[in-house]
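# Chains, contacts and geometry: an overview
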Amino acid sequence: MVFSKSYCPYCKRAKDLLSKVFPNYTAIELDQLPDGSEIQAALLELSGQRTVPNIYIKGKHLGGCDDLLKAHSSGKLEQLLA
């Protein structure tokens, strides 16, 4: 699950990578929802992260784009998705 904003370049980069390694992921574009700011505030309370992308794998918070790229380069991402 990726909480994203459609105009964010970091979100685009994260979604591009996920499209290659796990094309069945779900993205929620917070800037396109009437309650997107409320969802983003709730995510801050859950994860401590306010920025997007805010990425969860199997219900567990992974982090943002840099965290996703690091997990991918280390091989951890594929383990998490398995």
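Everything in this summary refers to the structure shown in the same document. (Residues numbered from 1 in each chain as written. Predicted model: local features only at pLDDT ≥ 70, side-chain atom pairs only at ≥ 80, totals over all residues. Heavy atoms only, no water.)

### Here we look at the sheet that holds strand β2 (residues 27–29)
The strands making up a sheet associate through backbone hydrogen bonding, with each pair oriented either parallel or antiparallel. The strand order β2-β1-β3-β4 describes an open sheet built from four strands, whose pairing is mixed. Two strands lie at the open edges of the sheet, namely β2 and β4 (60–63), each paired on one side alone. Strand-to-strand twist of the sheet, defined as the mean angle between neighbouring strand axes without regard to direction, takes the value 25 degrees. Strands β1 (2–4), β2 and β3 (54–57) of the sheet are contacted by helix α1 (residues 9–21), whose axis makes an angle of about 150 degrees with β1. (Pairing = 2+ DSSP bridges. Helix = DSSP H or I, 4+ residues; strand = E, 2+ residues; numbered from the N terminus. Axes fitted to C-alpha atoms, helices over the stretch in contact; angles between N-to-C directions. Contact = heavy atoms within 4.5 Å.)

### Digging into the pairing of β4
The pairing of β3 with β4 spans three bridges and is classified as antiparallel. Each residue of the ladder has a partner; that of Tyr56, found in β4, is His61. Following β3, the chain reverses through two residues before pairing antiparallel with β4; Lys58 in that reversal takes a positive phi of roughly 50 degrees.

### Some thoughts on the pairing of β3
Taking every second residue as pointing to the same face, both faces of β3 are buried, with Asn54 and Tyr56 on one and Ile55 and Ile57 on the other. Summarising the sheet, β1 and β3 pair through two bridges and their orientation is antiparallel. Residue pairing in the sheet places Phe3 in a bridge with Asn54 of β3. (Buried < 20%, exposed > 50% of the residue type's maximum accessible area, 1.4 Å probe, protein only.)

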